[in-house]
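Here's the letter readout for the chains.
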Amino acid sequence: FRRVLFRSMPKIATHAIKTKNIGFCDKISKLKLIATFFNDAHLSFAMKGVVIMSTYPNKKSIQKIANELVRSKIAACVNITKISSIYSWQGKIENTDEFLAVFKTTQKNKAKLKLQIKKTHPYQVPEIAELTLADLNKPYLQWLADSTS
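The paragraphs below set out a description of the structure included in this document. Remember, predicted model here, so these are calculated numbers, not experimental data.

**Description of the overall build of the protein chain**
Reasoning step 1: Helix and strand counts for the protein chain come out as 5 helices and 4 strands.
Reasoning step 2: When its helices and strands are written in sequence order, the protein chain yields α-α-β-α-β-β-α-β-α.
Reasoning step 3: Residues counted as buried form 32% of the 149 residues belonging to the protein chain.
Reasoning step 4: In the protein chain, the share of contacts with a sequence separation of at least 24, taken over all contacts with a separation of at least 6, comes to 71%.
Reasoning step 5: Approximately 10000 Å² of the protein chain is accessible, and the part contributed by carbon and sulfur atoms is 58%.

**Quick look at the pattern of salt bridges**
Two side chains that carry opposite charge are able to pair once their charged atoms sit near each other.
Reasoning step 1: Enumeration according to the criterion identifies 4 salt bridges in this entry.
Reasoning step 2: Between Glu-68 and Arg-71 there is a salt bridge, with its nearest N and O atoms 3.0 Å apart. Pair noted here: Glu-68 and Arg-71 are both in helix H3 (residues 59–71), with a separation of 3 residues, about one helical turn.
Reasoning step 3: Taking relative accessible area as the criterion, Glu-68 reaches 38% and is therefore assigned partly exposed.
Reasoning step 4: For Arg-71, a relative accessible area of 59% corresponds to the exposed category.
Reasoning step 5: Several salt bridges share partner residues, and in doing so they unite Lys-110, Lys-114 and Glu-130 into one network.

**Thoughts on the nonpolar core**
In globular proteins that are soluble, nonpolar side chains generally tend to be buried together.
Reasoning step 1: Grouped together as the largest cluster of nonpolar side chains are 14 residues, with contacts concentrated most on Tyr-56, Ile-62, Leu-69, Phe-103 and Leu-113.
Reasoning step 2: When residues of this core are traced back to their parent elements, those giving at least two are strand S1 (49–56), H3, strand S3 (92–106) and helix H4 (110–120).
Reasoning step 3: Each residue touching Ile-62, except ones within four places of it in the same chain, is listed here: Tyr-56, Ile-80, Ala-101 and Phe-103.

**A short note on the sheet that holds S1**
Strand-to-strand pairing in sheets goes through backbone hydrogen bonds, with the strands running parallel or antiparallel.
Reasoning step 1: The strand order across the open sheet built from 4 strands is S2-S3-S1-S4, with neighbouring strands paired in antiparallel fashion. The open sheet is flanked by strand S2 (77–89) and strand S4 (129–133), the only strands paired with a single partner. If you compare each strand with its neighbour and ignore which way they point, the axes differ by 25° on average.
Reasoning step 2: Bridge count between S1 and S4: 5 bridges; the pairing is antiparallel. Residue Gly-49 lies in a different strand from S4, and its bridge partner there is Leu-133.
Reasoning step 3: Strands S1, S2 and S3 of the sheet are contacted by H3, whose axis makes an angle of about 140° with S2.

**Focus: the side chain of Lys-104**
Reasoning step 1: Turning to its location among the elements, Lys-104 is positioned in strand S3.
Reasoning step 2: Accessibility expressed as a relative area gives 19% for Lys-104, which makes it buried.
Reasoning step 3: Not counting residues up to four positions away in its chain, the partners in contact with Lys-104 are Val-50, Val-51, Ala-75, Ala-76, Cys-77, Asn-79, Tyr-140 and Leu-144.

Thresholds, definitions, all that
- Residues numbered from 1 in each chain as written.
- Predicted model: local features only at pLDDT ≥ 70, side-chain atom pairs only at ≥ 80, totals over all residues.
- Heavy atoms only, no water.
- Helix = DSSP H or I, 4+ residues; strand = E, 2+ residues; numbered from the N terminus.
- Buried < 20%, exposed > 50% of the residue type's maximum accessible area, 1.4 Å probe, protein only.
- Contact = heavy atoms within 4.5 Å.
- Areas by Shrake-Rupley, 256 points an atom, 1.4 Å probe, with all protein chains shown as cover.
- Salt bridge = Lys/Arg side-chain N within 4 Å of Asp/Glu carboxyl O.
- Core = buried A, V, L, I, M, F, W, Y, C linked by side-chain atoms within 4.5 Å.
- Pairing = 2+ DSSP bridges.
- Axes fitted to C-alpha atoms, helices over the stretch in contact; angles between N-to-C directions.

Rendered as structure tokens:
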């Protein structure tokens, strides 16, 4: 990443100097500022946060997989909460209590996460709903990235 960064710096540094985004400072300071910009840009653009949601029949069925996914750094965090669900299943309207699992991960790990949910899920037709997070605060996104790498 740094090699690519420094190869592309002269063009970007020239643009930054021309547009006065950097101001008057020595060459090393300009390069450090540009490197910081690229690191922030990499975190913001290349590292997207993803939330995967799935419902489970009971708390025990989700706790084991949630612990394993966090331990293996496929998910940074899993929130589990009891919910009431109303849905149609095999021609009947069902009213049941379930547990909603909200898995937090990165774009890089979402395919692994979905595969693990599918492999371990007790339902015949599991819900695996993906939400891509367009705007996360930088410290949380950094924690998410650190927790899944």
